[in-house]
Amino acid sequence: MYTQAMDTMGKEMAEAPKALRSAEELALQARFDESIDAGDFIEAKDWMPENYRKTLLRQISQHAHSEIVGMLPEGNWIGRAPTLKRKAILLAKVQDEGGHGLYLYAAAETLGSSRDQMLDALHTGKAKYSSIFNYPTLSWADIGTIGWLVDGAAIMNQVPICRCSYAPYARAMIRICREESFHQRQGYDSLMVMMQGGTDAQRAMVQDAVNRWWWPCLMMFGPPDDQSPNSAQGMRWGIKRVSNDTLRQKFVDATVDQAKVLGVTLPDPDLKWNEERGHWDFGAIDWPEFYRVVAGEGPNNRERLAMRVKAWDDGAWVREAAMAHARKQTTKQQAA
Amino acid sequence: MTEPNTQKEWPLWEVFVRSRAGLDHKHCGSLHATDAAMAIQMARDVYTRRQEGSSVWVVPSAAITASDPGDKAMYFDPAEDKVYRHPTFYKLPSEVDHM
């Protein structure tokens, strides 16, 4: 997921391109535009406009940060998973998220930023991550709901990026999407178990989790199209393939039936089938809340960031010791 | 790496995985590690969690020499008009066309 970067990066991306300096640069720009128009991929060493590079670096690194920060709300429940089976599944899922972060950091590094620079931007609050991970996981049902709804929304968002014009990003996304499907299915499966074989209290717990996660999930797709000034440029560059509102509608349409089968109610009184449009209508999203959470005022922003910084600081001695060991081995080999 | 590494960040490695015995190793991504042994260990954890591989190679990224993308046309286009290098260029009588 986690493609809110384009919508939360302000005006920088929309800036008019600077006056081109030379005929050579003009020719490079023309060749780049041709490649994009032809649906070709751009590779790391190919020439690209500076704003394309900056926009991608921002989006991919924020995507990577989201994967890593996304490990926290779920990691919170590994020690409390109700059975060994669920614990093994959750461990595998959280490990996947770490792997997804790694694929994405590696893709972002090809654009000329180092891993440490990106982590520094995250830790100092300069870089953002998806708004969704600033909400708390209060019960075990939240873990299933994250799998079903959050990962479901993420998949909806991520599938079009598999066709992103920047090849290293597209390749990372293909790998991620292949692994992500298990995440959504295990979540739905875990909720099914509680809804079908559980107690009334467990069913109420599932409904409560769905009530809390539904609206933040709809926000994951970013602001409405008419308030998403950078979308047009993103589309032109082949970074964004499908608009925020289109993806959001697709997610709602897909989820309504799944909710019915599960036996939960989606917390939206305005949700109803629109025969004319052939889609489900849904109620107004609380956009001021979205912008508050993005700006750092969500329920868990401070805690999440503090956890990441602590993990990084606490691991410093391990990183340094491993480097020292490698240096020592190299020196020893050379002496021999 | 033959030079002792003095930088603070872990060096970058490229990972190649053989998905099944009999197939060739294929590039699948990169990662940071302090030495080859650690790179192999991490490549296993990151790239083969679902039995995607039966063998892994790691190569320091700095050791790879690549062709210049700017030379792409000069390097590869000359092969474009050499259709006679392909079997389909040759039309044979249908009795022997399975040759």
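Residues numbered from 1 in each chain as written. Chains lettered and ligands numbered in written order. Predicted model: local features only at pLDDT ≥ 70, side-chain atom pairs only at ≥ 80, totals over all residues. Heavy atoms only, no water.

A. Summary view of unusual backbone geometry. At Q51 of chain B, a position not held by glycine, the phi torsion is positive, near 55 degrees. As for its placement among the helices and strands, Q51 of chain B is situated in the loop between α1 (36-47) and β3 (55-60). (Helix = DSSP H or I, 4+ residues; strand = E, 2+ residues; numbered from the N terminus.)

B. Spotlight on the pattern of salt bridges. All told, the structure shown has 23 salt bridges over all chains when counted by the stated rule. Measuring nitrogen to oxygen at the nearest pair gives 2.9 Å for the salt bridge that ties D151 of chain A to K93 of chain A. Note that D151 of chain A is positioned in helix α6 (residues 140-158) and K93 of chain A in helix α4 (residues 84-109), a separation of 58 residues in sequence. Residue classification places D151 of chain A among the buried residues on the basis of a relative accessible area of 1%. For K93 of chain A, a relative accessible area of 0% gives the class buried. The shortest N-O distance in the salt bridge between E179 of chain A and R49 of chain B comes to 3.2 Å. (Salt bridge = Lys/Arg side-chain N within 4 Å of Asp/Glu carboxyl O. Buried < 20%, exposed > 50% of the residue type's maximum accessible area, 1.4 Å probe, protein only.)

C. Expanded view of the confidence of the model for chain B. Summarising the model, chain B shows a mean pLDDT of 89, and 93% of its residues fall at 70 or more. For this predicted complex, the interface confidence reaches an ipTM of 0.85, while the overall pTM sits at 0.90. (pLDDT = per-residue confidence, 0-100.)

D. Quick peek at the layout of surface pockets. Of the voids in this model, the largest pocket is the one considered here, and its volume is about 1500 Å³. Lining the largest pocket we find 37 residues, and of these E43 and R171 of chain A together with E14, H27 and G29 of chain B sit closest to its centre. Of all the secondary-structure elements, those providing two or more residues to the lining of the largest pocket are α4 and α7 (167-197) of chain A together with β1 (12-18), β2 (25-32) and α2 (72-76) of chain B. Examining the composition of the lining of the largest pocket, we find that six residues originate from one element, α7 of chain A, more than from any other. Of the residues in the lining of the largest pocket, the class split is 17 nonpolar, seven polar and 13 charged. Of the voids in this model, the second largest pocket is the one considered here, and its volume is about 1000 Å³. Taken together, 31 residues line the second largest pocket, and the ones lying closest to its centre are R115, L119, W312 and R319 of chain A together with W10 of chain B. For the lining of the second largest pocket, the secondary-structure elements that each account for two or more residues are α3 (71-75), α4, α5 (115-123), α12 (301-314) and α13 (316-335) of chain A together with α1 of chain B. (1 Å grid on protein atoms, 1.4 Å probe; cavity = no way out; pocket = protein on both sides within 12 Å on 5 of 7 lines; lining within 4 Å. Points joined across faces, edges and corners; volume = space filled by probe spheres on them. Nonpolar A, V, L, I, M, F, W, Y, C, P; charged D, E, K, R; others polar.)

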